Amino acid sequence: MEAILRLFGEYFFKFCKMSGYDRMLRTLGGNLTEFIENLDALHSYLALSYQEMNAPSFRVEREADGRMLLHYYSDRSGLCHIVPGIIEAVAKDFFDIDVTMDILSMNKEEERTGKKEHVVFLVVQKSHSQMGRAKPNRLKGNQDIQRDQEALEAAFLRMKEKYLSVSVCPVKKSHWEVVRSIVMFGKGHLVNTFVPVYPERLWIEQKTFCNAFPFHIVFDESLRVKQAGVNIQKYVPGLQNQKIRLDEYFSIIHPQVTFDIFSICKFINSQFVLKVRRERMPEAWKSQPALKLRGQMIWMESARCVIYLCSPKLRSLRELEAHRMHLSDIAPHDTTRDLILLNQQRLAEIELSNQLERKKEELRVLSQHLAIEKKKTETLLYAMLPEHVANQLKEGKKVAAGEFKTCTILFSDVVTFTNICAACQPIQIVTMLNSMYSKFDRLTSVHEVYKVETIGDAYMVVGGVPVPTGSHAQRVANFALGMRISAKEVMNPVTGEPIQIRVGIHTGPVLAGVVGDKMPRYCLFGDTVNTASRMESHGLPNKVHLSPTAYRALENEGFEIVERGEIEVKGKGKMTTYFLIRNLHASEDEIMGRPHSRLDRKGEQKREAASQCRIFFPLTTSDVFSGALGHAGSAWVIPLHDFLWVEAPKDQSNQDEHLHPG
């Protein structure tokens with residue numbers, strides 16, 4: 001698990017670089033020590049955008065000879081092994097040095113908000129040049145390498161024991177000397193070689209200092225306030241009394257530690273956020289938000305005091321107004337001014353972005369609604385025209401007429417429809433036709449024929465148009481049989497009896513195309529249409545009338561057809577016509593497109609089995625399993641719903657004593 005977490009740490013560093021934080025990370029510090037010391041400040045900045053972020057805290061004890069102790073604090077235990085992966089990747093990528101990190105101690109510390117995991121790492125760094133010079137030494141013998149490894153481990157254990165027995169509070173003067181005595185091995189430099197020059201005396205007056213740094217506080221080891229900036233006195237009036245304790249007027253928000261000099265010195269490199277206690281403020285100010293200060297603690301060894309250089313923690317002009325403050329209260333050199341203005345601009349951009357997101361979401365919803373309405377429109381259009389024809393019209397193209405060498409056309413009408421219309425209300429006629437046409441429309445999908453149009457009680461369909469198919473005659477014939485069955489379910493509003501229809505079918509060539517610009521229709525032209533209409537008008541009630549060409553198309557295709565004989569057809573002369581009776585290979589359910597239920601199939605199997613039985617005696621389940629069959633022996637049982645049928649063998653069918661008396 002430690003190896004996995006270390007690898008994750010390396011990857012997380014690369015992920016942060018790829019996510020746009022590369023430049024921000026590179027500018028944190030000029031060396032690895034400064035980089036780590038400023039991580040807490042980076043987390044504080046990121047908390048402005050990610051307010052729920054719970055980041056760990058880092059503290060460094062530096063050595064001038066190239067070694068350091070890294071203190072890691074976190075509310076989440078078990079993740080400390082990610083730290084070496086991150087730090088080693090940063091050292092190699094940003095500072096071109098290799099780092100080795102070992103855990104000196106790991107324990108839980110009781111802080112103000114609960115237990116924190118506190119891990120101390122020993123960090124040793126070597127530059128690449130030193131490593132290159134050390135490569136020839138790797139040719140030493142195995143015994144020398146083993147002795148060096150044992151000596152190294154022994155030195156590490158001794159150093160760990162010494163460290164655990166020493167206080168890390170920088171209040172003690174001998175602190176750095178103790179740390180120097182602990183770290184015993186490793187070479188390299190953590191800090192650059194720049195050496196600053198300090199003046200012999202401080203060339204600034206107290207008044208000028210307090211005005212130049214309007215938000216600062218100086219306090220001693222007992223937290224007694226010694227000095228305060230002019231503006232912090234203005235907004236925290238109690239600080240004008242130099243005998244007060246700092247913890248009486250403030251509480252520490254970050255880092256989450258107890259308010260004493262030991263904890264402050266322990267986290268001296270962290271950014272401190274203090275919050276004014278509301279109960280200490282004047283009564284008129286208690287309704288406004290409590291002021292928060294953010295800044296740096298600096299230990300002054302000669303004065304045995306700490307100076308807190310800070311600024312108001314404000315993120316926007318709204319917060320500035322809420323505290324009744326002005327930009328003039330903040331020192332011109334303080335970047336908090338720029339932060340407030342830049343963050344105000346960022347908040348405006350975020351609000352604009354949120355508005356764009358809301359508009360985008362509204363457009364997405366409207367797009368979904370538009371797609372639904374478009375689907376409805378296309379469904380309606382495809383119900384009126386063939387799909388390929390409708391698509392051509394949508395694209396603004398002209399639809400060329402097409403010639404189909406063979407197809408089958410069907411016409412139907414209602415017998416005595418004129419008399420029905422004369423005896424009924426219009427709404428009754430509409431209801432009757434709607435019921436009938438709805439059933440017919442469903443059958444067009446079952447048998448894949450194209451509905452051309454309806455005029456009054458006339459219904460016209462075609463097979464083989466607009467998509468040519470070799471089985472057009474069979475499809476139309478099955479559709480006609482389904483029409484005849486469906487018509488029995490539609491009642492005549494005059495007599496209350498099922499209506500009667502005439503159906504005529506003819507097969508031949510047609511010309512098909514779209515005519516008109518307004519309400520365009522896909523129409524069929526040719527003598528085949530006229531002949532099919534004549535077959536319907538010369539037909540008989542509840543009969544499917546076939547022309548000679550339709551008969552030849554259906555002959556030997558599994559249909560029962562009877563000859564009507566020769567009749568006189570208007571405009572056509574004498575024709576030998578036929579009646580379609582039924583499909584020999586399809587059941588009524590198949591013709592109507594009804595799904596076969598599981599129960600129906602079981603019923604058919606039971607009826608088929610029952611038809612093979614000779615003698616049946618009804619028995620209950622308990623009779624069978626209690627031995628009521630006696631010596632029937634080979635009798636078999638067929639379960640039929642809530643009772644049982646038992647067949648007696650033929651040779652025992654006359655032996656009633658072996659069977660149940662019932």
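Residues numbered from 1 in each chain as written. Predicted model: local features only at pLDDT ≥ 70, side-chain atom pairs only at ≥ 80, totals over all residues. Heavy atoms only, no water.

In the annotation of an unreviewed UniProt entry, the entry for the protein chain reads guanylate cyclase, and the organism field reads Panthera leo. Note on the protein chain: under the UniProt heading Subcellular location (unreviewed entry), the record states "Cytoplasm". According to the UniProt record, the Sequence similarities (unreviewed entry) comment for the protein chain reads "Belongs to the adenylyl cyclase class-4/guanylyl cyclase family." (UniProt positions renumbered as here; feature names shortened; annotations may be inferred.)

Caption draft 1: Seen up close, the UniProt feature "coiled-coil region" (unreviewed entry) in the protein chain. Those places that UniProt annotates as "coiled-coil region" (unreviewed entry) correspond, in this numbering, to residues 342-376. The span residues 342-376 is 100% helical and 0% strand by assignment, and the distance between its end C-alpha atoms comes to 50 Å. (Helix = DSSP H or I, 4+ residues; strand = E, 2+ residues; numbered from the N terminus.)

Caption draft 2: Seen up close, the nonpolar core. Counting 39 residues, the largest nonpolar core has F219 and F250 as the members making the most contacts within it. Counting residues in hydrophobic clusters, the runner-up holds 38 residues, among them L481, I485, V490 and I499. (Core = buried A, V, L, I, M, F, W, Y, C linked by side-chain atoms within 4.5 Å. Buried < 20%, exposed > 50% of the residue type's maximum accessible area, 1.4 Å probe, protein only.)

Caption draft 3: Spotlight on the packing of helix 13 (residues 336-384) against helix 14 (residues 387-394). Packing of helix 13 against helix 14 leaves a shortest axis separation of 8 Å and a crossing angle of 120 degrees. By the angle between their axes, helix 13 is oblique relative to helix 14. Crossing hand, helix 13 versus helix 14: right-handed. Packed against helix 13, whose contacting residues are E378, L381 and Y382, the element helix 14 presents E387, A390, N391 and K394 at the interface. For the contact of helix 13 with helix 14, the residue count by class is three nonpolar, one polar and three charged. (Axes fitted to C-alpha atoms, helices over the stretch in contact; angles between N-to-C directions. Parallel < 35°, antiparallel > 145°, perpendicular 65-115°, else oblique. Left-handed = near helix turned anticlockwise from the far one by under 90°. Contact = heavy atoms within 4.5 Å. Nonpolar A, V, L, I, M, F, W, Y, C, P; charged D, E, K, R; others polar.)

Caption draft 4: Quick look at helix 13. For helix 13, built from 49 residues, the straight-helix expectation of 72 Å at 1.5 Å per residue is met to within 8% by its first-to-last C-alpha distance of 70 Å. Looking only at helix 13, the buried set comprises T336, I340, N343 and E378. Residues of helix 13 that are buried sit in contact with strand 10 (305-312), helix 12 (317-322) and helix 14. (Expected span 1.5 Å × (residues − 1).)

Caption draft 5: Seen up close, unusual backbone geometry. Residues H254 and P255 are joined by a peptide bond in cis, for which omega reads -5 degrees. Structurally, the position occupied by P255 is in the loop between strand 7 (250-254) and helix 11 (261-266). With an omega of 0 degrees, the peptide bond between V465 and P466 qualifies as cis. Summarising the element assignment, P466 is placed in the loop between strand 13 (458-463) and helix 17 (472-487). Phi is positive for E448, which is not a glycine, with a value near 55 degrees. Exposure remark for E448: the relative accessible area of 54% places this residue in the exposed category.

Caption draft 6: Helix 3 (residues 39-46), seen in detail. Counted residue by residue, helix 3 has six buried out of eight residues, so it is predominantly covered. Along helix 3, the residues classified as buried are L39, D40, L42, H43, S44 and L46. Among the structural elements, helix 1 (2-26), helix 2 (32-37), strand 1 (57-62), strand 7 and strand 8 (271-276) are those in contact with the buried residues of helix 3.

Caption draft 7: Main features of the pairing of strand 10. In terms of burial, strand 10 is largely enclosed, as seven of its eight residues are buried. Bridge count between strand 5 (residues 216-220) and strand 10: five bridges; the pairing is antiparallel. Within the sheet, the bridge partner assigned to H216 lies in strand 10 and is L309. The antiparallel hairpin formed by strand 9 (residues 292-300) and strand 10 contains four residues in its connecting segment, where R304 sits at a positive phi of about 55 degrees. (Pairing = 2+ DSSP bridges.)

Caption draft 8: Seen up close, the pairing of strand 9. Where strand 8 and strand 9 come together, five bridges link them in antiparallel fashion. Looking across to strand 9, one finds that Q271 is bridged to Q296.

Caption draft 9: Quick look at the confidence of the model for the protein chain. Put simply, the protein chain has an average pLDDT of 81, and 78% of its residues get 70 or more. In this model, residues 166-176 is a region of pLDDT below 50 whose contacts with residues beyond four sequence positions or in other chains number 28 contacts. Contacts for the low-pLDDT stretch residues 178-191, under 50 throughout, to residues beyond four places or in other chains number 41 contacts. (pLDDT = per-residue confidence, 0-100.)

Caption draft 10: Expanded view of the sheet that holds strand 7. One open sheet holds the six strands; their spatial order is 6-5-10-9-8-7, and the pairing between them is antiparallel. Since the sheet does not close on itself, it has two edges, and those belong to strand 6 (225-228) and strand 7, each with one partner. Going across the sheet, the axis of each strand differs from the next one's by a mean of 30 degrees, ignoring polarity.

Caption draft 11: A look at the environment of L246. Mapped onto the fold, L246 is located in helix 10 (residues 246-249). Put simply, L246 and I217 are 29 residues apart on the chain and 8.9 Å apart in space, counted from C-alpha to C-alpha. Not counting the four nearest positions on each side in its chain, L246 is found in contact with I217, F219, L223, V225, F259 and L274.

Caption draft 12: Looking closely at the packing of aromatic side chains. If you walk through the whole model with that rule in mind, you get 14 aromatic pairs. Seen from their ring centres, F35 and F94 are 6.1 Å apart, and the 70 degrees between their planes marks the pair as edge-to-face. One end of the pair, F35, is in helix 2; the other, F94, is in helix 4 (residues 82-94), and 59 residues separate them in sequence. Since its relative accessible area comes to 2%, F35 is described here as buried. For F94, a relative accessible area of 15% translates into the label buried. Taken together, the ring pairs connect F13, F35, F94 and F95 into an aromatic cluster. The ring of Y249 carries the charged tip of R280 above its face, separated from the ring centre by 5.2 Å. (Phe/Tyr/Trp six-rings, centres within 6.5 Å; stacked < 30°, edge-to-face > 60°. Lys NZ or Arg CZ within 6 Å of the ring centre and 35° of its normal.)

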